[in-house]
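Structural overview
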Amino acid sequence: LYHLNRGKTAALRPVSGVKPLIADINDEGAVISALGDLHFDAVVDWIAFTPDQIERDIRLFAGRCDQFVFISSASVYQTPPRSWPLTEETPADNPFWEYSRNKIACEQLLHSAAPDFAFTIVRPSHTYDKTLIPLEGGFTVLRRIQEGRPIVIHGDGSSLWTLTHHRDFAVGLVGLLGRPEALGETYHITSDEVLSWDEIAHQLAEPLGREPEIIHIPSDMIARYDEGIGASLMGDKTHSMVFDNSKIKRVVKDFRAEIPFRVGAGEIIDWYRRNENLHQIDEGLDGLFDRMIAERG
C-alpha cells in the first residue's frame, strides 16, 4: 500500500507498513518523479473535484494502474429526486450545486476515456468519522448544544438523510479493489439507516446529556444569509436522500452498514472531549446563527 501525499500534515502521514510517496498531486513533474517505474493494482483518488484534475489523473496513471477509482459523490443524483430509493441508474442531474456538476463532468470524462483507461466510480453519501460533526457549523454547533443555545436546522427538520460511518464505507471500497467486474461500473456506498435532520441533532446531543433547542429555517432563507451554506443545502441536504445499496452488496458480499449514527455520535463526542485543542468556535458563523434565529423570530 502506497500513500501519495505532500508530507506536510503529521496527522495524515501513513502508519507503519504503508509506503509514502511525497509529492503534490498538482505538480505533475514531482508526481512522475515520485512514482518512478511503479505499477499499481489500483489507484484511488480522493481529491479530484474538477474535470481538469481528472484529465491530469488520466495523464499520470494511464499505463500505471489496472484500476483507477474515482471518489465522486452521491450528490450527483437527480436533485430533487423524483423517486426513492436512489439507485446507480438514477439520472445524474444537480442544477443547484457546482460541486456536484463538476463531479458529473469528471465521471463523463472517465467514461470517454474507456476502454483504454480502466476505472471504477464510487459515490459516497455523507461519510463521517469521529472528527467530523455532520451538522452545518461543526464544533460551533456542538458548543451551542452544550451551552443550551438554539441551533439552526434547515426546512422543518423532517427531510431524510443518510450518514455513513467511515469504517462501514471502507469495507465496500476495499472490496471493489482488484475486481474485474467493477471496471467501468459505478457504485454508491452508503448506510441503510435513514434519519431525519432533527433526529440527527437529537442523537448528537444525547451523549452530551442535552436536549437540543432546534429552530427551523427554510433552506432558501439560509441561502440568502450565506451563499456557501446555501449551495450545500439546496444542492444536497434539503431533499430526502434514501439509497438502495443492492449493487455494492452483490459485488462485495461482506459489505453491510453495521454502525448506526447513535454509536458514531458517541465516538464524536468522546473525541472532542479528549481533544480540547480542537474546540474552535467560528465566531462569524456563531453570530450568523444568532442573527438568523433573531430575524426568524
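Below is a summary of the structure that appears in this document. Not measured: the values here are computed from a predicted model. (Residues numbered from 1 in each chain as written. Predicted model: local features only at pLDDT ≥ 70, side-chain atom pairs only at ≥ 80, totals over all residues. Heavy atoms only, no water.)

What follows is about the state of the cysteines. In total, this model carries zero disulfides according to the counting rule given. Of all cysteine sulfurs in the structure, the one in Cys 65 sits closest to Cys 106, which takes part in no disulfide; the separation is 16 Å. (Disulfide = S-S within 2.5 Å.)

As enumerated under the stated definition, the model contains 10 aromatic pairs in all. On the numbers, 4.9 Å between centres and 35° between planes, the contact of Trp 97 with Tyr 99 is tilted. On the basis of relative accessible area, Trp 97 is assigned to the buried category, the value being 17%. Chaining the aromatic ring pairs together yields one cluster made of Phe 49, Trp 97 and Tyr 99. When the ring centre of Tyr 187 is taken as reference, the NZ or CZ atom of Lys 247 above it lies at 4.9 Å. (Phe/Tyr/Trp six-rings, centres within 6.5 Å; stacked < 30°, edge-to-face > 60°. Buried < 20%, exposed > 50% of the residue type's maximum accessible area, 1.4 Å probe, protein only. Lys NZ or Arg CZ within 6 Å of the ring centre and 35° of its normal.)

Turning to the nonpolar core, a few remarks are in order. Residues Leu 135, Leu 142, Ile 151, Ile 200, Leu 204 and Phe 261 are the most contacted members of the largest nonpolar core, which totals 40 residues. Every element with two or more residues in this core is listed here: α4 (139-146), β7 (151-154), α6 (197-205), β12 (214-217), α8 (227-237), α10 (261-274) and α11 (283-296). Ranked by the residues each element gives to this core, the list is headed by α10, at six residues. Among residues more than four places away in sequence, those in contact with Ile 200 are Pro 134, Leu 135, Trp 161, Leu 163, Leu 195 and Phe 261. Within the second largest apolar cluster, 21 residues are counted, among which are Ala 23, Ile 25, Val 43 and Cys 65. (Core = buried A, V, L, I, M, F, W, Y, C linked by side-chain atoms within 4.5 Å. Helix = DSSP H or I, 4+ residues; strand = E, 2+ residues; numbered from the N terminus. Contact = heavy atoms within 4.5 Å.)

Moving on: the sheet that holds strand β10 (residues 186-189). Pairing in this open sheet of four strands is parallel, and the strands run β3-β4-β5-β10 from one edge to the other. On the outer flanks of this sheet lie β3 (43-45) and β10, each paired with one strand and no other. Across the sheet, the axes of successive neighbouring strands diverge by a mean angle of 25°, strand direction being ignored. Of the strand pairs in this sheet, strand β4 (residues 68-71) and strand β5 (residues 119-124) are connected by four bridges, and their pairing is parallel. Bridge pairing links Ile 71 to Val 122 in β5. (Pairing = 2+ DSSP bridges. Axes fitted to C-alpha atoms, helices over the stretch in contact; angles between N-to-C directions.)

What follows covers the pattern of salt bridges. This structure, assessed with the given rule, holds 17 salt bridges. With a shortest N-O distance of 3.3 Å, Arg 149 and Asp 286 are connected by a salt bridge. With Arg 149 in the loop between α4 and β7 and Asp 286 in helix α11, this pair connects stretches of sequence that are 137 residues apart. Residue Glu 181 pairs with Arg 179 through a salt bridge whose shortest N-O separation is 3.5 Å. Looking at Arg 179, the relative accessible area reads 29%, which means it is partly exposed. (Salt bridge = Lys/Arg side-chain N within 4 Å of Asp/Glu carboxyl O.)

Our focus in this paragraph is the side chain of His 126. Mapped onto the elements, His 126 comes out in strand β6 (residues 126-128). For His 126, a relative accessible area of 19% corresponds to the buried category. Engagement of the side chain of His 126 in a polar contact is seen with the side chain of Trp 161, the distance being 3.0 Å. (Polar contact = N/O pair within 3.5 Å; in protein donor to acceptor, adjacent residues only side chain to side chain.)

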